[in-house]
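One-letter residues, chain by chain:
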Amino acid sequence: NGANSTVWQKACSNLLDREELQQNSESVAYLHALLRFLLASQHQGGVRSVLDDDRLSLCDRVGFACRFLRRAELRSQLHKWVVLCQTSGDVEGLVLTGLTLEGIKIL
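Residues numbered from 1 in each chain as written. Predicted model: local features only at pLDDT ≥ 70, side-chain atom pairs only at ≥ 80, totals over all residues. Heavy atoms only, no water.

Here we look at the overall build of the protein chain
Scanning the protein chain from terminus to terminus reveals seven helices and zero strands. Each helix and strand of the protein chain, ordered N terminal to C terminal, gives the series α-α-α-α-α-α-α. Taken over the C-alpha atoms alone, the protein chain extends approximately 50 × 30 × 15 Å along its principal axes. Expressed as a percentage of its 107 residues, the buried residues of the protein chain come to 30%. If you take every contact in the protein chain between residues at least 6 apart in sequence, the share linking residues at least 24 apart comes to 32%. For the protein chain, the accessible area works out to roughly 7,000 Å², and carbon and sulfur atoms hold 57% of it. (Helix = DSSP H or I, 4+ residues; strand = E, 2+ residues; numbered from the N terminus. Buried < 20%, exposed > 50% of the residue type's maximum accessible area, 1.4 Å probe, protein only. Contact = heavy atoms within 4.5 Å. Areas by Shrake-Rupley, 256 points an atom, 1.4 Å probe, with all protein chains shown as cover.)

As for the confidence of the model for the protein chain
The predicted model of the protein chain averages 85 in pLDDT, with 91% of residues at 70 or higher. Averaged over each element, pLDDT in the protein chain is lowest for helix α1 (residues 2–17) (75) and highest for helix α5 (residues 71–88) (96). (pLDDT = per-residue confidence, 0-100.)

Focus: the pattern of salt bridges
This structure, assessed with the given rule, holds four salt bridges. Notably, a salt bridge pairs D52 with R48, separated by 3.4 Å at the nearest N-O pair. Take D52: its relative accessible area is 39%, and that puts it in the partly exposed class. Residue R48 is classed as partly exposed on the basis of its relative accessible area of 31%. Taking the shortest distance from any N to any O, the salt bridge between K105 and E102 comes out at 3.4 Å. On the criterion of helical spacing, the pair formed by K105 and E102 is a turn pair, its members being three residues apart in helix α7 (residues 101–106). On the accessibility criterion, K105 (51% relative accessible area) is exposed. (Salt bridge = Lys/Arg side-chain N within 4 Å of Asp/Glu carboxyl O.)

A look at the nonpolar core
V47, V50, L51, F64, A65, L69 and W81 are the most contacted members of the largest nonpolar core, which has 16 residues in total. Of all the secondary-structure elements, those providing two or more residues to this core are α2 (26–39), α3 (44–51), α4 (58–68) and α5. (Core = buried A, V, L, I, M, F, W, Y, C linked by side-chain atoms within 4.5 Å.)

As for α2
The terminal C-alpha atoms of α2 lie 20 Å apart, and with 14 residues this matches the ideal 20 Å at 1.5 Å per residue to within 8%. Within α2, burial applies to V28, A29, H32, A33, L35 and F37. (Expected span 1.5 Å × (residues − 1).)

The following block contains the structure:
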């Protein structure tokens, strides 16, 4: 229903604009991700905004990707995260690689 959709979009948008939600804490980051996803749930932009939010744990973003991406997109996104973790030395990437040759590159 279009009217219900508009109500949800306005509510999410208003929440995102609230001053107390402009903090940079982890709990606020998750609320922002949820609201952005709800605002853009009709198109791929909502999914992308969550996947690209590095304030969220990689494990949570991987779970989200598994749920909302197609297989080819998921494979590509996982590869992107592995490369980013290798470049930055982010040990959270070991969740994706394990202690393989790819994982050693992270360390």
